[in-house]
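What the coordinates show
So the chains spell out like this:
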Amino acid sequence: MSAPLLLDAAAVVAACGPAAAVEAVTAALTAGLDPAADPPRQAVPLHTGQLLLMPSEAGRYAGVKVATVAPGNPGRGLPRVQASYLLFDADTLGLVAVLDGTALTSLRTPAVSVAAVASRLRAGVGPASVAVLGAGPQAHGHVATLAAVLAAHRPRRPLGEVTHLVRDPARVPPIHGATVVALDDPRAGDVLRAADVVVCATSARSPLFDAGLVAAGAVVIAVGSHEPDARELPGALLARSTVVVEDVATALREAGDVCLAVDEGAVRAADLVPMRDAVTGRVTPAPDRPLVFKSVGMAWQDLVVAEAVLRAHLIGR
């Protein structure tokens, strides 16, 4: 039995770019992959955080991501989330590859977000202005993926002004090509009103901004939480939006932005749109309402993108 491939972070990034990851997610859903088939994420409490297990199986491969969440790590200069991914042959269950799970997550999360809202993005004209709440890896990953996908589709749509809204700009290193503004700065409201895309990638547990600041045709992406009692978005925003989720049952179990809005009566479970329906065109979100995509991260996404990474790596050898 041959030894499994070991793909470190550099190998993952080199093998599969953001646009290719979006294509892999889109192709899998279009081909019939059902996110509802995933088993629930398993969270094991630890003294300093959580251990997360995310298994999935589809087509030729099965896989599991083993991730840790250590809230105290940023204060130590270490990543809050760390992970490894094990990819197995679905027939023999032999280990095929071990991938850097942190790099895989950084690639797949924005790929899923952009795949979910791509039809709205492509329908727009002119440069797409982006407001990003947060300045961590997922904030940067979403900007890079938006830029790659907008540049790839025809006619090309350039990425417009990018502004990061953060609690303390003094703690954020300069970001090439972007402006950094404090979340409590009066200018933050103007940034949100003008944004075509709003990305929320924070560890916030309560709403970050007022619902009325988001334009009617804007896209809002929220990826910061997978806990039912934590949210980045106000319920009033979901009430006036088309709300797309990876899987309805998963969202009602794990997505605080959705769970709390449902509890408040701002949105009904029956109104939630599964991502697969949005990607395949089965549901077309109303153009005069904000389009909200709430993601908690699911195991099928890691599997689909890990397979794309492996395939591209083998072709490039």
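Read on for an overview of the structure. (Residues numbered from 1 in each chain as written. Predicted model: local features only at pLDDT ≥ 70, side-chain atom pairs only at ≥ 80, totals over all residues. Heavy atoms only, no water.)

Another point: the packing of helix α3 (residues 101-123) against helix α10 (residues 299-316). Contact pair α3 / α10: the axes reach a minimum separation of 9 Å and the direction vectors enclose 110 degrees. By the angle between their directions, the pair α3 and α10 is classed as roughly perpendicular. For the pair α3 and α10, the sense of crossing is right-handed. The segment α3 lies against α10, with Leu104, Thr105, Leu107, Arg108 and Val112 engaging Gln301, Asp302, Val305, Ala306 and Val309. Broken down by class, the residue content of the contact of α3 with α10 amounts to six nonpolar, two polar and two charged. (Axes fitted to C-alpha atoms, helices over the stretch in contact; angles between N-to-C directions. Helix = DSSP H or I, 4+ residues; strand = E, 2+ residues; numbered from the N terminus. Parallel < 35°, antiparallel > 145°, perpendicular 65-115°, else oblique. Left-handed = near helix turned anticlockwise from the far one by under 90°. Contact = heavy atoms within 4.5 Å. Nonpolar A, V, L, I, M, F, W, Y, C, P; charged D, E, K, R; others polar.)

Contact geometry for helix α2 (residues 18-30) and α3: axes closest at 8 Å, N-to-C directions at 60 degrees. If you check the angle between α2 and α3, you find them oblique. Two packed elements cross with a definite hand, and for α2 against α3 that hand is right-handed. Counted together, Pro18, Ala21, Val22, Val25 and Thr26 of α2 and Leu107, Ala111, Val112, Val114 and Ala115 of α3 form the full contact between these two elements.

As a further point, take the pairing of strand β5 (residues 81-89). Successive side chains on a regular strand alternate, one facing one side of the sheet and the next facing the other. As paired strands, strand β4 (residues 61-69) and β5 are joined by nine bridges and run antiparallel to one another. Across the sheet, residue glycine 63 finds its bridge partner in β5, namely leucine 87. Of the pairings in the sheet, the one linking β5 to strand β6 (residues 95-100) comprises five bridges and is antiparallel in character. Opposite leucine 86, over in β6, you have valine 98 as the bridge partner. Hairpin connection of β5 to β6: five residues between the antiparallel strands, including leucine 93 at a positive phi of 60 degrees. (Pairing = 2+ DSSP bridges.)

Here the focus is the nonpolar core. In terms of nonpolar packing, the biggest core is built from 57 residues, with Val25, Leu99 and Met275 touching the most fellow members. With 10 residues, α3 is the largest single contributor of residues to this core. Once residues lying within four places of it in the same chain are set aside, the contact partners of leucine 99 are Leu7, Val12, Ser84, Tyr85, Leu87, Ala306 and Val309. Within the second largest apolar cluster, 33 residues are counted, among which are Val181, Val198, Ala218 and Val292. (Core = buried A, V, L, I, M, F, W, Y, C linked by side-chain atoms within 4.5 Å. Buried < 20%, exposed > 50% of the residue type's maximum accessible area, 1.4 Å probe, protein only.)

Within the secondary structure layout, leucine 93 lies in the loop between β5 and β6. Residues leucine 93 and arginine 311, 218 residues apart in the sequence, show an inter-C-alpha distance of 18 Å.

So, about the pairing of strand β10 (residues 197-200). Residues Val197 and Val199 line one face of β10 and the alternating positions Val198 and Cys200 line the opposite face, and both faces are buried. Where strand β7 (residues 128-133) meets β10, four bridges bridge the pair, whose relative direction is parallel. Across the sheet, the residue bridging to alanine 131 is valine 198, located in β10. Pairing geometry for β10 and strand β11 (residues 219-222), over four bridges, is parallel. Bridging from a neighbouring strand, valine 198 pairs with valine 220 of β11.

These values are about where atoms sit, not about what they do.
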